[in-house]
Protein chains: 2
Amino acid sequence: MATCKLDVIDGGGVTSAAGFAAAGIHAGFRQNPNRYDLALVVADDVCPVAGVFTQNVFCAAPVKRNRRVLSHHPGNPAEAYGCVKAVIVNSGIANAATGKAGDEAAQAEGDMVSQALGCAPDEVLVCSTGVIGVQLPTEPFETGIPAAVSLLSRDSGADAASAIMTTDTHPKEFAVSFSGAGLGYEGCTFTVGGMAKGSGMIMPNMATMIAVLTTDAPVEPDVLWEACKQAADVSFNKVTVDSDTSTNDTCILMASGAAAPEAAPFAKGSPALAAFQEALTHVCIQLAKMMARDGEGSTRLVNVNVTGAASAEDADLAARAIANSPLVKTAIAGRDANWGRIAAAAGKSGAAFAQEDVDIQIMGIPVCAGGLALDFDEDEALRRFEEVEIDIDVDLGAGPFATTVWTCDLTHDYVSINADYRS
Amino acid sequence: MATCKLDVIDGGGVTSAAGFAAAGIHAGFRQNPNRYDLALVVADDVCPVAGVFTQNVFCAAPVKRNRRVLSHHPGNPAEAYGCVKAVIVNSGIANAATGKAGDEAAQAEGDMVSQALGCAPDEVLVCSTGVIGVQLPTEPFETGIPAAVSLLSRDSGADAASAIMTTDTHPKEFAVSFSGAGLGYEGCTFTVGGMAKGSGMIMPNMATMIAVLTTDAPVEPDVLWEACKQAADVSFNKVTVDSDTSTNDTCILMASGAAAPEAAPFAKGSPALAAFQEALTHVCIQLAKMMARDGEGSTRLVNVNVTGAASAEDADLAARAIANSPLVKTAIAGRDANWGRIAAAAGKSGAAFAQEDVDIQIMGIPVCAGGLALDFDEDEALRRFEEVEIDIDVDLGAGPFATTVWTCDLTHDYVSINADYRS
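Draft legend 1. Quick look at the overall build of chain A. Broken down by element type, chain A carries 11 helices and 15 strands. Overall, the C-alpha framework of chain A stretches about 70 × 60 × 40 Å when taken along its three principal axes. Here chain A holds 423 residues, and the buried ones make up 61% of them. Of the contacts formed within chain A by residues at least 6 apart in sequence, a portion of 79% connects residues at least 24 apart. When the accessible surface of chain A is totalled, it reaches about 14,300 Å², and 52% of it is carbon and sulfur. Within chain A, the 52 negative side-chain charges are centred at a point lying 4 Å from the centre of the 26 positive side-chain charges.

Rendered as structure tokens:
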């Protein structure tokens, strides 16, 4: 892929792209009045949107509603793109496993936003994250939505990012820009940014990974969806904290086109679209790594890099098996360069390879070559384990395919958080 | 299936069936002289044997050797059955990821046993369990094998069961008998017994589940293999502690025929073979449940019972996803009837069902019906969580298929054991 120059926007987030405003407030889904629990992201004008939603059979009411809303967009068999003006997110209650009453609450919520903004109900997407199996009250929306609308601003991206947090220890925002020069969009600068929370089923009772992304690039809905899916596949879908896919997992991308309002949309196969894809993917990967690093009880981000796989699927199988292995994750918590667990996880993954072709490095230290143990400096390994980011490199020696999956270590705190959560 | 009456043999194990002797000794694979580390199970005469071995690409040297030995048996494409006189097991070192030197050690070990017993090298199977990536010394065999042979006895099954333990907290043995009356074997009583250790990749550095089973029923090698595979599929293969399949996982079944030495072997489709299958499956399930209950740091055995699945594969997918979910397992450690985690794990498993058809019970308490939360008595749930065996019943409402998978809870001790193991 040709690479374009990306400029990281300091403090950037969901309102870095032109044409968007946001707000984050306390509406009352949570007891604590100091915790924001309602976020609103609004485009100046109705604009293209794409969504990637959880495949979990137990998908939540807002996910069902978004799919239905997007299915009304013409020529949209995937129920995954269309045009909207706003996305609303509440935290505290996931509106999952809530049946018909939950569906009605999600519908009412969308209706209230559309009335407050003067758009159609189908021009609003809704997201929820929080406890499963509890009905979503609509009262907090009645006062919260007008309050949030009155606070909408380009300066309030951080408030929105804070409002979607559940057990996250900090808000997650990122944005980059790139120049349109040489891409057929001279004089234009395009921005892609977003906010995110959680990670897969990192917190299933506080269900969900949610990402809301915005760009001011001009991209048509169907093209936007391809880009969104492609970026999510190599970022959010490569994060695994406890191997689960939540009931609410959602990634939404809106494109205002405000950076080049008179220009033609990015065409399929164009250099401009390639640059956009690169910027979007970078933002998604940064947000995904923030999620993995913030896994419950985690002390370290773990990059599982698999190379030499016989197929892309094999690379993913092996990397995911290693990243999901509680034995690998506890070893990292214990600062133990225990490559036997890594080898065994790869070996049972279903990926095709021969054990005598496998090389493994942990934090750059070769620990296994040709499937056999290497002598290594345990003290040096212990020192390198002090880093907050741990690299595991596994070369399967079976082909040219590679991937990276992100996870975190498995600590006592993970057990405490998840064993004691409801009590 | 017709059910026959099984009599549990008090204190029964690998030598309960007629025609077998065993020994367990300290040979020197471990430092601690008080810990047995070498087990030998010997048939009075060379007899039919069947083996089910790990599918892990990183399979250990003894697994490779056993497959090769069994492949010499005529008409045996599966490399999984034949005739042998003895099985030797060492604990402490797994002889996994040890390359050519490891293959030679496994070969030498088999040769030494064959010399000591006066049988052919191909009439010995070898198993190892312990640390991965460390070469297996042959010196302990040189003194240990003659010592073990001199101690062979029908009373030493418990010694053998103790010698194969690694991080197991207690030896695992079980045996049953059934009458041949009405099965075409009047006056005969048949016994099936065995010993086992570990559980899947419950302890990957102390690699392995190993089970050695014996029977005095007359069963031909190919029929024995079908029976062994069928029993393992619904017992050992349904145990999951941390979703891993070890480098050494092995289940071996020997059939002396000593309970009916003059009789014809159990024929395919016969009532006698059906009774044998039932007895074997019962023994394997009991041993499998002992393994799950003894999972590292575990305080409870968890029975995940899935019913109403659209296919056998779907039942297995859903049950395994629930049993492997760290979030479900930590909830049980925390005595939390958190059905949302169970629902979400089933939902992402790939099994086909609709959320509005799902019913869930925890310890017999209905907590979810038609995919929706039910009010339940939390105090009563807490009381029932005091049991050492926890039942999770999930009815997917999608078909007639069912299965049970066994696991344990995920506790602080699991993290301690696995994070601190090598240090």
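Now that the structure has been shown, the text picks up again.
Draft legend 2. How the structure looks around the environment of G180(B). All names here are of chain B. Along the chain, G180 turns up in the loop between β6 (172-179) and β7 (189-197). G180 sits in the buried class, given a relative accessible area of 0%. In this structure the C-alpha to C-alpha distance between G180 and S153, which are 27 residues apart in sequence, comes to 26 Å. When neighbours within four sequence positions are excluded, G180 is seen to be in contact with Y185, E186, C188 and F190.

Draft legend 3. Region of the structure containing the relation of the copies chain A and chain B. With an axial shift of 0.0 Å and an RMSD of 0.0 Å, the rotation relating chain A to chain B amounts to 180 degrees. Expressed as a symmetry operation, the mapping of one chain copy onto the other fits a two-fold axis. Using C-alpha coordinates, one finds that chain A approaches the rotation axis most closely at H412(A), a distance of 2.8 Å. Same-surface contact between copies: 100% of interface residues of chain A are shared with the interface of chain B.

Draft legend 4. Examining a negative patch on the surface more closely. Side chains of E356(A), D357(A), D359(A) and D395(A) sit close together on the surface and give a patch of like negative charge. With respect to the secondary-structure elements, D357(A) resides in the loop between α9 (339-347) and β11 (359-362).

Draft legend 5. Molecular detail of unusual backbone geometry. All names here are of chain B. Despite not being glycine, A97 shows a phi value in the positive range, around 60 degrees. Residue placement: A97 occurs in the loop between β4 (81-93) and α2 (99-117). Residue classification places A97 among the buried positions, given a relative accessible area of 5%.

Draft legend 6. How the structure looks around the sheet that holds strand β14 (residues 389-395) of chain A. Residue and element names in this part refer to chain A. Sheet architecture is open: 6 strands sit in the order β13-β12-β11-β14-β10-β15, paired in mixed fashion. Edge positions in the open sheet fall to β13 (372-373) and β15 (401-408), since each of these has one partner strand only. With 2 bridges joining them, strand β12 (residues 365-369) and β13 adopt antiparallel strand pairing. Bridge assignment links C368 to a residue of β13, and that residue is A373. The strands touched by helix α7 (residues 312-324) are β10 (301-309), β14 and β15; relative to β15, the strand with the most contacts, the crossing angle is about 20 degrees.

Reading guide: rules and limits
- Residues numbered from 1 in each chain as written.
- Chains lettered and ligands numbered in written order.
- Predicted model: local features only at pLDDT ≥ 70, side-chain atom pairs only at ≥ 80, totals over all residues.
- Heavy atoms only, no water.
- Helix = DSSP H or I, 4+ residues; strand = E, 2+ residues; numbered from the N terminus.
- Buried < 20%, exposed > 50% of the residue type's maximum accessible area, 1.4 Å probe, protein only.
- Contact = heavy atoms within 4.5 Å.
- Areas by Shrake-Rupley, 256 points an atom, 1.4 Å probe, with all protein chains shown as cover.
- Lys, Arg positive; Asp, Glu negative; His and termini not counted.
- Charge placed at Lys NZ, Arg CZ, Asp CG, Glu CD.
- Least-squares fit on C-alpha atoms with pLDDT ≥ 70 in both.
- Patch = residues over 30% accessible without salt bridge, like charges linked within 9 Å, V, L, I, M, F, W, Y side chains within 5 Å.
- Salt bridge = Lys/Arg side-chain N within 4 Å of Asp/Glu carboxyl O.
- Pairing = 2+ DSSP bridges.
- Axes fitted to C-alpha atoms, helices over the stretch in contact; angles between N-to-C directions.

So, to be careful, I would describe these as geometric facts and stop short of saying anything about function.
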